[in-house]
Amino acid sequence: MSLVREVELLTLRYARTGGKKNRAIQRKRMILFARFCRDMGCRSLGQVGRRHIEAFFATHQWKEATRYNYKLALRELFEIADHPAPRILDQITYPKLGEDADSATRE
């Protein structure tokens, strides 16, 4: 079974319960990540690690809020799959309200 198919099957039940719209969005994020990892050579979720997550976020130049949303989706994916989430996900934090990314670099 391919990695993308594995993620699709794992997340099918997840998307059917709870808030449908948000879960559908989260599922799309999980599948996008699975496709990225497949292109890097992973054949199962067990092969995904820190290197893949770092490359995924380095490839996509998203705003901090979007990065945080992807972090939540990936954390949920690893929980659904019953795999420990790589610790690199802990380094992605949500930006504080009113905090401007440029203000920190000006000081």
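What counts as what
- Counting starts from 1 at the beginning of each chain's written sequence and moves along it residue by residue.
- pLDDT decides what is reported in this predicted model: residues at 70 or higher carry local features, side-chain atom pairs at 80 or more are listed and counted, and totals for whole chains, interfaces and linings draw on all residues regardless.
- Only hydrogens and water are removed before side-chain values are computed, so all heavy atoms of the structure are retained for them.
- To get an axis, fit a line to the C-alpha atoms, keeping to the stretch in contact for a helix; angles then go from 0 to 180 degrees between the N-to-C directions.
- Strands are runs of DSSP state E lasting at least 2 residues, helices are runs of H or I lasting at least 4, and numbering of each runs from the N terminus.
- We call two directions roughly parallel when the angle between them is under 35 degrees, roughly antiparallel when it is over 145, roughly perpendicular when it lies between 65 and 115, and oblique otherwise.
- The contact rule is simple, with two residues in contact once any of their heavy atoms fall within 4.5 Å.
- For this scheme, ten residues count as nonpolar: Ala, Val, Leu, Ile, Met, Phe, Trp, Tyr, Cys and Pro. Four count as charged, namely Asp, Glu, Lys and Arg, and the remainder, Gly too, count as polar.
- Between Lys or Arg on one side and Asp or Glu on the other, a salt bridge is scored when a side-chain nitrogen of the former is within 4 Å of a carboxyl oxygen of the latter.
- Any residue under 20% of the maximum accessible area for its type is buried, any over 50% is exposed, and the rest in between are partly exposed; the area is computed with a 1.4 Å probe on protein chains only.
- We define a nonpolar core as any set of buried Ala, Val, Leu, Ile, Met, Phe, Trp, Tyr and Cys residues linked to one another through side-chain atoms lying within 4.5 Å.
- By this rule the span expected of a helix is its residue count minus one, scaled by 1.5 Å.
- pLDDT is a per-residue confidence score from the predictor, ranging from 0 to 100.
- Only the six-membered ring of Trp is used, alongside the rings of Phe and Tyr, when aromatic pairs are assigned; centres must lie within 6.5 Å, and planes under 30 degrees apart are stacked while those over 60 apart are edge-to-face, with the rest tilted.

Colleague: How do you make sense of the packing of helix 2 (residues 20-39) against helix 4 (residues 64-80) when you look at a structure like this?
Modeller: Packed helix pairs are characterised by how far apart their axes lie and by the angle those axes make with each other. Contact geometry for helix 2 and helix 4: axes closest at 9 Å, N-to-C directions at 80°. It follows that helix 2 is roughly perpendicular to helix 4 by the angle criterion. Contacts between helix 2 and helix 4 involve Gln26, Arg29, Met30, Leu32 and Phe33 from the first element and Asn69, Tyr70, Leu72, Ala73, Leu74, Glu76, Leu77 and Ile80 from the second. Per-class residue counts for the contact of helix 2 with helix 4 are nine nonpolar, two polar and two charged.

Colleague: Just checking my understanding: could you explain the pattern of salt bridges for this structure?
Modeller: If the charged atoms of two oppositely charged side chains come close together, the side chains can form a pair. Per the counting criterion, the structure on display carries four salt bridges. When the shortest N-O distance is used, the salt bridge between Glu8 and Arg5 registers 3.5 Å. A residue pair is termed a helical-turn pair when its members lie 3 or 4 positions apart in one helix, as Glu8 and Arg5 do in helix 1 (residues 3-16) at three residues. According to the relative accessible area criterion, Arg5 is partly exposed, its value standing at 42%. We note a salt bridge from Glu54 to Arg50, for which the minimum N-O separation is 2.8 Å. Linking Glu54 with Arg50, this pair stays in helix 3 (residues 50-59), spanning four residues, or about one helical turn. Judged by its relative accessible area of 44%, Arg50 falls in the partly exposed class.

Colleague: Sorry if this is basic, but what is going on with the nonpolar core here?
Modeller: Note on soluble globular proteins: their nonpolar side chains tend to be buried together. Counting residues in hydrophobic clusters, the biggest one holds 25 residues, and the most contacted among them are Leu3, Val7, Phe33, Val48 and Phe57. For this core, the elements supplying multiple residues, two or more each, are helix 1, helix 2, helix 3 and helix 4. For this core, the leading source of residues is helix 2, giving six residues. Filtering out sequence-adjacent residues up to four positions away, Phe33 remains in contact with Val48, His52, Ile53, Phe56, Leu74 and Leu77.

Colleague: Would you take a moment to explain helix 4 for this structure?
Modeller: One turn of the α-helix equals 3.6 residues, which is why residues spaced by three or four share an orientation. For helix 4, built from 17 residues, the straight-helix expectation of 24 Å at 1.5 Å per residue is met to within 8% by its first-to-last C-alpha distance of 24 Å. For helix 4, every residue scored as buried is listed here: Tyr70, Lys71, Ala73, Leu74, Leu77 and Phe78. The elements touched by buried residues of helix 4 are helix 1, helix 2 and helix 3.

Colleague: Any chance you could explain the confidence of the model for the chain here in plain terms?
Modeller: Where the model shows low pLDDT, its predicted coordinates should not be examined in detail. Taken residue by residue, the chain gives an average pLDDT of 87. The fraction at 70 or more is 88%. Model confidence for the chain, summarised as mean pLDDT per element, is weakest for helix 5 (residues 101-106) at 45 and strongest for helix 2 at 95.

Colleague: When you look at the packing of aromatic side chains in this model, what are you seeing that I'm missing?
Modeller: Each pair of aromatic rings is reported with the distance of its centres and the angle of its planes. In this structure the tally under the stated criterion is seven aromatic pairs. On the basis of an interplanar angle of 65° and a centroid distance of 5.4 Å, the ring pair of Phe36 and Phe56 is categorised as edge-to-face. Residue Phe36 is located in helix 2, and its partner Phe56 is located in helix 3; the two are separated by 20 residues in the primary sequence. In terms of burial, Phe36 and Phe56 fall into one category: buried.

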